Amino acid sequence: MVPNTVIQETEERFQYRTPERTETEEKLKRGSKLLADDPQRVEKRLKRLLRGEFASEAADVIAAPAMSAAGVSVGTEPLALERILNRNNLMSINYLERGLRVARSVARIRIRSAQGRTLGFGTGFMVSPRLLMTNNHVLASRNDAAFSHCEFNFQDDLTGRPIPTSVFELDPDLFFETNIALDFTLVAVKERARAGSGDVSELQFFGWNRLIEEEGKAILGEFLNIIQHPNGEPKQLALRENEFIDLLDNFLHYKTDTAPGSSGSPVLNDQWEIVGLHHSGVPRKDANGRILTRDGSIWKQSMGEHKIDWIANEGIRVSRLVKYIKDLALNDAQRRRLRTDLLEKDPPFLPSRDETLPQTNGHTSAPSSQQAAAAFSSQPTIVDGNAVWTLPLQVSIKLGDAGPAATVAAPTSYDQTNGNGSATTAKASPQTDTVTSKDIDEAIAELERARTRKYYDEPQDRADRDRYYADVPDGLDPAELYQRLSTLLDETHANQPKYKPNKHVYPWVDLQPNKKLRSIYSGIEYDPEEFIREDFRIDQERTARLQEKMLRESAVFGAERIAEELDLLEALLPYNCEHVVPQSWFEKREPMRGDIHHLFACESGCNSFRGNTPYFDFSDFEEAVRDDCGMRISNKFEPTAGKGTVARAVLYFLLRYPGEINRTAQEYEADRIETLLKWHRENGVTTYEKHRNMAIFKIQGNRNPLIDHPEWADQIDFLQGLD
C-alpha cells in the first residue's frame, strides 16, 4: 500500500501545478502536441526519434515550416514528429512483440517479514543484468529486501492459465541503494532461481531495460505505457492509456480514466524506453477529504488501493534517477562495476522463446513463440472504443474514437454454482454482493465462540469412532476393506457443504490447539480473522469483476461463459485454502470440491506455488534450497510442513471417491501411493487432526479412517481408488 505521506506529497505537487497543467491541457485540446511543450524539449524528442526506427518516415515528410509554442519557426521536422506522435492506429505488429520482450524483465515483488509472512506486493523491473529497481516504499531497507523475493513470469498463458513462476532471492549484501525523496530502491538479484520454482532458473533469461539519462524520451501529450502487477495480480499492460500532462523537476504526471499504476512499475514510451518509475497517484476525495472509490463510495483500506478513484498518476523522472545513481560514492569495486553495467551495458537481443512446458491435465502451461505470433495476428475486439487483443497478458490499447458503443442491457448479478457445481446462467437483477456483512459477522461470531470452546473432547470422539466403524469386521482382505470403507464413507456423507472455507474451514475446523491457523505447507501461523476477512474480500472482488466485465462487454453471458470467467477469476484471486487433491483433477465438481476432509488453510502464495502437481518425496529435500512452501520441480511437489496430514487426506479421498484420481504421472501412479503411505507412517496423527476429524464428522457425517485407525493404512488396497 502506498504510504499516506507519499500520497499527500503527490497531492500537494499536483494541486500546486494546477495552473500550468490547465494551460497544457488547453493547448492539447487545440490539437498539436508540439505546441504544448517547451520548444527545446520538442527538438530533443525529434532528434531522438530521428535516430531510431522512425528516421526514414520522418525524413520523407515534406511540409511547410511549423511554429513552436514560442512562435519560433522550427522547420519541417516538427510536422514529421507530429505525424509520428499521432500514429495511434498505425502501430506495427512488432510494437506488441517488443513490448512483450520488455515485459519479460518486470517481476512481482513479494514483501515478507523475517518470519516469512507475506506483508504485501509491489512491482519491480530489471535495469541491468543483476540490478532490480522498485520504490523505496516497497523495499525500504536491506532487511526488507533480504526477506523478500521477486517472481518472474507471474502471468497467464494464451488459455488464461497461470504459467510456472521463477522465484529469485534478492541480494542486498551485494548491492542496495535507496532514497526516500526520489522513492526508489535499487537492489541486486541472485543469478539463479530457487530450486523447483518455474521452468527458468537463469536470471539472464529475463533481460533488462537500460535507464537512459538523456532527455527527449517523451513530450507533453504523448501516451505512456505501464507494465505492472496491480494489487499483486498477474502481470498486466496498460498500453497508451496514460497521457503525459505535466513535467516537474523530479516528477512527471500522467492521467488515465482506466488503468491506475502499481508501485514500482516502469513507465515507458512507445519505443519501450523507460520514462519514469511509477510510485503514487492523486486520489479523488469528497468535500470532507475522504478518499473515494470508482463508484463514488467512501474508500476503506481493506478494499485495496486498486479500488481508489485515482485522478492522476505520478512517476519519478528517469533522468533524475540516473543522475542520482551516477553521483553515488561507492567505495567497493564490485558495486561500482554493477553500477557501470547499469549505466553503460545495453540489453542483449532477447530471442522469442520456443518451448513446450510441462503438461497439466492435458493443457500446455505456456505458449510457444509460434502460438504467440498467431495471437498477435488475430483480429482485436472493439470494447468501448478500445481495441483489445488476447495475449499472454491482458492488453488494452486506446486507438481513438471508434464511435458510440452500443447500449445493451447486461446482467448485474449471478449465481455462482448450482447443485452439481456448474455455473448457472446470469440473471438480470439489482446489483448485489454475493457476500454480505451478515455473512462476515456470522463467521467472526463462530470464531469468537471457538476461542472459549473445548478444543478436543477425546472420550466423546472415541465413542463416536467406535459406533461409526461398528459394522466393519476384522480380518477383511485389502480389497474387501477398501470396498467396505468406501461404501461407509459414501453412505454417511449425509451433509455435503458447498466450498466456502471462510465459513466451514477457518472459524473452527482448521484451528490449531492455540486457536490459530497454520499453513498446511509452510507451517506459518495466521490469525483466523485475517483469513476470514481476506477470503470474503476476494469473494466480493470476484463478483464485482464479473459484473464489471458483463457490463463492459455488453454481451449475453450464458452458463458456459460464466463458468469460464469464474475459472479465470479463481485463478487470479485464489482463496487462502488448499485442496490437497487439486480441483482440476475432478473438474471442480461437488461434493468433492466442498469436502472439508481435504481442505486446509494455506496462504495463496503456497497454493499457487504447488499448483495442481502431485506430491513427491525428493531424496535431497533437507539439503536443497527451496521455497518456504516446499520444493517443486516439474510435475513433483514436496511440502515443507504437513506431510502426514496431507497424506491421510489424499488417502481418504481415494476411499471416498473411487476413480476420481487418474493413474497417471500428472496425478497418482502406484509408486506415489507408496510415498503417501511413507509420510503417514513417519508423521503420526496429531491432536489437531483428531480435532478436525471430530469437527468435520459433526458437519458432514463421515470420518477419515486413516486418522481413526492409522494401522489400517497397510491393510487397505488403495490402488482400487485410482481410475
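Everything in this summary refers to the structure shown in the same document. The structure presented is a predicted model; accordingly, all values stated were derived computationally and were not measured.

The biggest cluster of nonpolar side chains holds 76 residues, and the ones touching the most others in it are Y506, Y521, V580, Y615, I661, Y668 and F718. Those elements that place two or more of their residues in this core are α11 (437-452), α13 (478-491), α15 (528-553), β22 (599-601), α17 (604-610), α18 (643-656), α19 (670-682) and α20 (687-700). At nine residues, the largest contribution of residues to this core is made by α18. If we ignore the near neighbours within four places in the chain, the residues touching V580 are Y521, H598, F600, R610, Y615, V646, A649 and V650.

A few words on the environment of T18. As for its placement among the helices and strands, T18 is situated in helix α2 (residues 18-29). Considering only alpha carbons, one finds T18 and D246, 228 residues apart in sequence, at a separation of 9.5 Å. In terms of polar contacts, T18 uses its side chain to reach the side chain of R21, at 3.3 Å.

With that out of the way, let us pick up the side chain of H229. Along the chain, H229 falls in the loop between β8 (223-228) and β9 (236-247). One polar contact links the side chain of H229 to the main-chain amide nitrogen of R108, over a distance of 3.3 Å. For H229, the residues in contact, after removing those within four places along its chain, are V106, A107, R108, T123, F154, P234, K235 and S262.

Further remarks concern empty space enclosed by the protein. Enumeration according to the criterion identifies six cavities of 30 Å³ or more in this entry. What the largest cavity holds in volume is close to 130 Å³. If you go around the largest cavity, you meet 13 residues; those closest to its centre are R41, K217, L247, V275 and R317. Going through the elements one at a time, β9 and α8 (318-326) are the ones with two or more residues in the lining of the largest cavity. Among the residues forming the lining of the largest cavity, the class breakdown is six nonpolar, two polar and five charged.

Overall, the coordinates contain 22 aromatic pairs when judged by the stated rule. Where Y95 meets W272, the ring centres are 5.3 Å apart and the plane angle is 40°; that geometry is what we call tilted. With a gap of 177 residues between them, Y95 in helix α6 (residues 94-103) and W272 in the loop between β11 (266-268) and β12 (274-283) connect regions that are remote in the sequence. The residues Y95 and W272 share a single accessibility class, namely buried. With a centroid separation of 6.0 Å and an interplanar angle of 90°, the aromatic rings of F168 and F206 are classed as edge-to-face.

Attention now goes to α20. With 14 residues, α20 extends 20 Å between its outermost C-alpha atoms, agreeing within 8% with the 20 Å of an ideal straight helix rising 1.5 Å per residue. Among the 14 residues of α20, ten are classified as buried, and the element is accordingly described as predominantly covered. Those residues of α20 that sit buried are Y688, E689, H691, R692, N693, M694, A695, I696, F697 and Q700. Summarising the contacts, the buried residues of α20 are in contact with α12 (458-468), β22, α18 and α21 (705-708). Downstream of α20 by a residue or two, G701 has a phi angle that is positive, lying close to 100°.

Before going further, it helps to examine the sheet that holds strand β7 (residues 184-188). In space, the seven strands of this open sheet follow the order β5-β4-β1-β2-β3-β7-β6, with antiparallel pairing throughout. Both edges of this open sheet fall to β5 (166-169) and β6 (176-179), since each of them pairs with a single strand only. On average, each strand axis in the sheet is inclined to that of its neighbour by 30°, with strand direction left out of account. Relative to strand β4 (residues 149-152), strand β1 (residues 106-112) runs antiparallel, the two sharing three bridges. Bridge pairing in β4 links R110 to H149.

All right, on to the pairing of strand β10 (residues 251-255) then. The buried count for β10 comes to four of five residues, which makes it a mostly enclosed element. Here β9 pairs with β10 via four bridges, running antiparallel. By the bridge assignment, D246 is partnered in β10 with H253. Here β9 folds back onto β10 in antiparallel fashion, the turn holding three residues. Pairing of β10 with strand β13 (residues 310-317) involves four bridges; the strand directions are antiparallel. By the bridge assignment, L252 is partnered in β13 with G315.

Counted by the stated rule, this structure contains one disulfide. Between the sulfur atoms of C606 and its disulfide mate C629 the distance is 2.0 Å. Classification of the bridge connecting C606 and C629 rests on its S-S torsion, roughly -85°, and on that basis the disulfide is left-handed. Placement of the pair is C606 in helix α17 and C629 in the loop between α17 and β23 (630-633), with a sequence separation of 23 residues. Looking at C577, it has no disulfide partner, and the nearest cysteine sulfur is the one in C602, 8.3 Å off.

All told, the structure shown has 51 salt bridges when counted by the stated rule. Note that E530 is salt-bridged to R117, the shortest N-O span being 2.2 Å. Of the two residues, E530 sits in helix α15 while R117 sits in the loop between β1 and β2 (118-126), which places them 413 residues apart along the sequence. Exposure remark for R117: the relative accessible area of 32% places this residue in the partly exposed category. Between E169 and R194 there is a salt bridge whose closest N-O contact spans 2.4 Å. Of the two residues, E169 is situated in strand β5 and R194 in the loop between β7 and β8; the sequence distance between them amounts to 25 residues. Connected via shared salt-bridge partners are D37, R41, K44, E215, R317 and R320.

The next subject is the packing of α18 against α20. Interhelical geometry of α18 versus α20 gives an angle of 30° and a closest axis separation of 11 Å. In terms of orientation, α18 and α20 fall into the roughly parallel class. Here the hand of the crossing between α18 and α20 comes out right-handed. Each of G644, T645, R648 and Y652 in α18 lies in contact with α20, whose residues at this interface are Y688, E689 and Q700. In terms of residue class, the contact of α18 with α20 is built from two nonpolar, three polar and two charged.

Let's shift gears to the packing of α18 against α19. Viewed as axis vectors pointing N to C, α18 and α19 meet at an angle of 130°, and their least axial separation amounts to 8 Å. Overall, the two elements α18 and α19 adopt an arrangement that is oblique. α18 and α19 meet at a crossing whose hand is left-handed. For the pair formed by α18 and α19, the contact residues are K643, G644, V646, A647, R648, V650, L651 and L654 on the first element and I673, L676, L677, W679 and H680 on the second. Considered class by class, the residues forming the contact of α18 with α19 number nine nonpolar, two polar and two charged.

The bulk of non-glycine residues show a negative phi, and the bulk of peptide bonds are trans. At the junction of E590 and P591, the peptide bond is cis and its omega measures out at 5° in the coordinates. Along the chain, P591 falls in the loop between β21 (577-579) and β22. With a phi close to 65°, N153 is a non-glycine residue in the positive phi region. The topology assignment puts N153 in the loop between β4 and β5. By relative accessible area, N153 is classed as buried at 5%. Phi is positive for D183, which is not a glycine, with a value near 45°. For D183, a relative accessible area of 3% translates into the label buried.

The rules behind these values
Residues numbered from 1 in each chain as written. Predicted model: local features only at pLDDT ≥ 70, side-chain atom pairs only at ≥ 80, totals over all residues. Heavy atoms only, no water. Core = buried A, V, L, I, M, F, W, Y, C linked by side-chain atoms within 4.5 Å. Buried < 20%, exposed > 50% of the residue type's maximum accessible area, 1.4 Å probe, protein only. Helix = DSSP H or I, 4+ residues; strand = E, 2+ residues; numbered from the N terminus. Contact = heavy atoms within 4.5 Å. Polar contact = N/O pair within 3.5 Å; in protein donor to acceptor, adjacent residues only side chain to side chain. 1 Å grid on protein atoms, 1.4 Å probe; cavity = no way out; pocket = protein on both sides within 12 Å on 5 of 7 lines; lining within 4 Å. Points joined across faces, edges and corners; volume = space filled by probe spheres on them. Nonpolar A, V, L, I, M, F, W, Y, C, P; charged D, E, K, R; others polar. Phe/Tyr/Trp six-rings, centres within 6.5 Å; stacked < 30°, edge-to-face > 60°. Expected span 1.5 Å × (residues − 1). Pairing = 2+ DSSP bridges. Axes fitted to C-alpha atoms, helices over the stretch in contact; angles between N-to-C directions. Disulfide = S-S within 2.5 Å. Salt bridge = Lys/Arg side-chain N within 4 Å of Asp/Glu carboxyl O. Parallel < 35°, antiparallel > 145°, perpendicular 65-115°, else oblique. Left-handed = near helix turned anticlockwise from the far one by under 90°.

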